Amino acid sequence: MCVTCGCETPAQHGHEPGHAHDHDHDHDHDHDHDHEGAVPLTRGFGVLRPAPTRTVSVEQDLLAKNDRYAAANRERFARDGVLALNLVSSPGSGKTTLLVRTLEVLRGRRPVAVVEGDQQTRLDADRIAATGAPVVQLNTGKGCHLDAHQVGHALAELAAPAGGVLFIENVGNLVCPAAFDLGEAHKVVFLSVTEGDDKPLKYPDMFRAADLCLVTKSDLLPYVPFDAARAIANARCVNPALECLTLSVQSGEGFEAWIRWLEREIEARVPPVVARAAGGGRGIGA
């Protein structure tokens, strides 16, 4: 269940509900909460009377359980020497296009893997697979975000990209994914120039939760009423520590800066012994 909108359709990736599979993390599927609107009855003196009720903080319980799964994912990433990035944005911001180009650059230089989140289809996963990168598609149905439990399921099907990067492309949504830790090192928020430059102020939680903001599709700036400097100022008004890059996959502007950011974060997160074993002795941009 989503803390914000109430969606509760489980993500599926080639499994039917109730499927059996192995996990490397513990989890429970208990059902011990009250249902809102349901009034339990007790019988006394031949009359049905409402029973005492209790209020349950669903948001607190839900996020606490997600955080336990996220901690297990994060421990695994640290153990395997993996930089995990949670890519978040509105629909159509250019996440998949940038990811495809990034995977092409990393091919043969760093191990990579992708968890692809969408409500329906595996269209984006097919684009990722065409680069040769390992990918697992998570379809959330009516769900509007990925959670740490779903990512844990996907990790059972992906070889850990030790010494490299796991990209988690979240469902296009600037609201709910902000609340759900997946175990990632960083959230990377995309803001395309085809959106409003006031979006960081209208959706502050996402920009506050992110460590890097990518202002994408900069090749369209001459044709749209978008002020990139104002957008970055708005984002930093919400999150003063936020790093910001302006880039375009089409023109190549800013792409090398994005690759250098990745290289820096891999070197900071991946132990040298793991990097050498993974063949990552040279930099990404080499």
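It should be noted that the structure appears before, not after, this text.
Participant: Kindly report on helix α2 (residues 95-106), identifying the contributing residues and their values.
Facilitator: Between the first and last C-alpha of α2 there are 16 Å, a value that for 12 residues agrees with the 16 Å anticipated at 1.5 Å per step. Among the 12 residues in α2, nine count as buried, and that is most of the element. Those residues of α2 that fall on the buried side of the exposure criterion are Lys95, Thr96, Leu98, Leu99, Val100, Thr102, Leu103, Val105 and Leu106. Looking one or two places after α2, you find glycine 108, whose phi comes out positive at around 80 degrees.

Participant: How would you sum up the pattern of salt bridges? Please name residues and give values.
Facilitator: As a working rule, side chains carrying opposite charge can pair if their charged atoms are close by. Taken as a whole, this structure holds 14 salt bridges when the rule is applied. Ionic pairing is found between glutamate 267 and arginine 110, a salt bridge with its closest N-O pair at 2.5 Å. Linking glutamate 267 in helix α8 (residues 255-269) with arginine 110 in the loop between α2 and β4 (112-118), this pair joins segments that are 157 residues apart in sequence. With a relative accessible area of 4%, arginine 110 lands in the buried category. Linked through salt bridges whose partners overlap, the residues forming this network are Arg76, Arg79 and Asp80.

Participant: Describe the environment of glycine 183, with residues and values.
Facilitator: Counting through the fold element by element, glycine 183 comes out in the loop between β6 (165-169) and β7 (186-192). Along the sequence, glycine 183 and asparagine 73 sit 110 residues apart, while their C-alpha atoms lie 5.1 Å from each other. The residues touching glycine 183, leaving out its near neighbours within four places in the chain, are Ala70, Asn73, Arg74 and Phe77.

Participant: Can you tell me about the state of the cysteines, naming the residues and giving the values?
Facilitator: Taken as a whole and assessed by the stated rule, the structure comprises zero disulfides. Unpaired in terms of disulfides, cysteine 213 finds its nearest cysteine sulfur in cysteine 244, a separation of 4.7 Å.

Participant: Explain the side chain of threonine 131 to me, using residue names and the numbers behind them.
Facilitator: Assignment of secondary structure puts threonine 131 in the loop between α3 (123-129) and β5 (135-139). The class for threonine 131 is buried, based on a relative accessible area of 7%.

Participant: Report on empty space enclosed by the protein, specifying residues and quantitative values.
Facilitator: For the structure shown, the criterion picks out one cavity of 30 Å³ or more. In this structure, the largest cavity spans a volume of roughly 40 Å³. Arg76, Phe77, Asp80, Val82, Leu155, Leu158, Ala160, Pro161 and Leu166 are the residues that line the largest cavity. With three residues, helix α1 (residues 58-80) is the single largest residue contributor to the lining of the largest cavity.

Participant: Can you lay out the nonpolar core for me, pointing to particular residues and giving the numbers?
Facilitator: With 30 residues, the main nonpolar core has Leu85, Leu103, Ile128, Phe167, Val188, Leu214 and Trp258 as its most contacted residues. Those elements that provide at least two residues to this core are β3 (83-88), α2, β4, α3, β6, β7, β8 (212-216) and α8. Excluding residues that lie within four positions of it along the chain, tryptophan 258 makes contacts with Leu85, Leu98, Thr102, Phe167, Val188, Leu212, Leu214, Leu245 and Leu247. Core analysis: the second largest hydrophobic core is formed by 19 residues, Phe207, Phe226, Ala235 and Leu242 among them.

Participant: Please give an account of the sheet that holds β6 that cites residues and values.
Facilitator: What the seven strands build is an open sheet, ordered β5-β4-β6-β3-β7-β8-β9; its pairing is parallel. Edge positions in the open sheet fall to β5 and β9 (243-246), since each of these has one partner strand only. Adjacent strand axes in the sheet meet at a mean angle of 20 degrees, parallel and antiparallel pairs treated alike. As paired strands, β3 and β6 are joined by five bridges and run parallel to one another. Looking at β6, one finds that leucine 83 is bridged to valine 165. Most of the contacts of helix α7 (residues 228-238) go to β9, to which it runs at about 165 degrees, and overall it touches β7, β8 and β9. Sitting on the sheet, α8 touches β3, β6, β7, β8 and β9, and the angle it makes with β3 is about 140 degrees.

Rules behind the numbers
- Residues numbered from 1 in each chain as written.
- Predicted model: local features only at pLDDT ≥ 70, side-chain atom pairs only at ≥ 80, totals over all residues.
- Heavy atoms only, no water.
- Helix = DSSP H or I, 4+ residues; strand = E, 2+ residues; numbered from the N terminus.
- Expected span 1.5 Å × (residues − 1).
- Buried < 20%, exposed > 50% of the residue type's maximum accessible area, 1.4 Å probe, protein only.
- Salt bridge = Lys/Arg side-chain N within 4 Å of Asp/Glu carboxyl O.
- Contact = heavy atoms within 4.5 Å.
- Disulfide = S-S within 2.5 Å.
- 1 Å grid on protein atoms, 1.4 Å probe; cavity = no way out; pocket = protein on both sides within 12 Å on 5 of 7 lines; lining within 4 Å.
- Points joined across faces, edges and corners; volume = space filled by probe spheres on them.
- Core = buried A, V, L, I, M, F, W, Y, C linked by side-chain atoms within 4.5 Å.
- Pairing = 2+ DSSP bridges.
- Axes fitted to C-alpha atoms, helices over the stretch in contact; angles between N-to-C directions.

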